[in-house]
Amino acid sequence: MTTDFLDRIEAIIRRAGLSNDAVAALREALPEHHFTYCLDDDISAGIEPVRQCEGFNLYLIDASEHCLRFTRDLDSATGLVLAELSDDD
């Protein structure tokens, strides 16, 4: 994963809005990457997003081993979690 890739994903979500449909479109267009959509409140405390965007946060996922785990390392990231922020955040 690269910062340019994150820039592209961020721009797409800013234009389209974060929704199940937008994430499904990302999955279809970029099948080599894993995309998950959730509320930011669903992320465990202490996990820092790789990007904080207006209305959502981006987290990196590493699936190179048996279990998925959050990472901040672009080189080991295999997917993204797009976490919607609530008005309370």
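The structure contained in this document is the topic of the report that follows. What you see is a predicted model; the values in this text were computed from it and never measured.

Criteria and thresholds
- Residues numbered from 1 in each chain as written.
- Predicted model: local features only at pLDDT ≥ 70, side-chain atom pairs only at ≥ 80, totals over all residues.
- Heavy atoms only, no water.
- Buried < 20%, exposed > 50% of the residue type's maximum accessible area, 1.4 Å probe, protein only.
- Helix = DSSP H or I, 4+ residues; strand = E, 2+ residues; numbered from the N terminus.
- Arc of directions from axis to C-beta.
- Core = buried A, V, L, I, M, F, W, Y, C linked by side-chain atoms within 4.5 Å.
- Contact = heavy atoms within 4.5 Å.
- Pairing = 2+ DSSP bridges.
- Polar contact = N/O pair within 3.5 Å; in protein donor to acceptor, adjacent residues only side chain to side chain.

As for helix H2 (residues 20–29)
Burial in H2 covers these residues: Ala-22, Val-23 and Leu-26. Burial along H2 is one-sided: seen end-on, the buried residues are contained in an arc of 95°. Exposed and facing more than 90 degrees away from the buried side of H2 are Asn-20, Asp-21 and Glu-28.

Looking at the environment of Ile-13
Within the secondary structure, Ile-13 sits in helix H1 (residues 3–16). Given a relative accessible area of 2%, Ile-13 falls into the buried group. Sequence spacing of Ile-13 and Leu-82 is 69 residues, and the spatial spacing of their C-alpha atoms is 9.1 Å.

Brief notes about the nonpolar core
Residues Met-1, Phe-5, Ile-9, Ile-13, Phe-35, Leu-80 and Leu-82 are the most contacted members of the largest nonpolar core, which totals 18 residues. Within the residue set of this core, elements represented by two or more residues are H1, H2, strand E3 (56–62) and strand E5 (79–84). If one sorts the elements of this core by residue count, H1 sits on top with 4 residues. For Leu-80, the residues in contact, after removing those within four places along its chain, are Met-1, Phe-5, Leu-6, Ile-9, His-34, Phe-35, Thr-36, Tyr-59 and Leu-60. Formed by 6 residues, the second largest nonpolar core is a distinct cluster that contains Ile-43, Tyr-59, Ile-61 and Val-81.

Digging into the pairing of E3
Within a regular strand, side chains alternate between the sheet's two faces. With 7 of its 7 residues buried, E3 lies for the most part within the structure. Across the two faces of E3 the burial is the same, with Phe-56, Leu-58, Leu-60 and Asp-62 and Asn-57, Tyr-59 and Ile-61 all buried. Examined bridge by bridge, strand E2 (residues 51–53) and E3 share 3 bridges and lie antiparallel to one another. The residue of E3 that forms the bridge with Arg-51 is Leu-58. In this structure, the hairpin formed by E2 and E3 is closed by a connection of 2 residues, where Gly-55 is found at a positive phi of approximately 90°. Across 6 bridges, the pairing between E3 and E5 is antiparallel.

Some remarks on the side chain of Ser-76
Among the secondary structure elements, Ser-76 is positioned in the loop between strand E4 (69–71) and E5. A distance of 3.5 Å separates the side chain of Ser-76 from the side chain of Thr-71, its partner in a polar contact. Not counting residues up to four positions away in its chain, the partners in contact with Ser-76 are Ile-61, Asp-62 and Thr-71.

Just distances and angles here, no functional claims.
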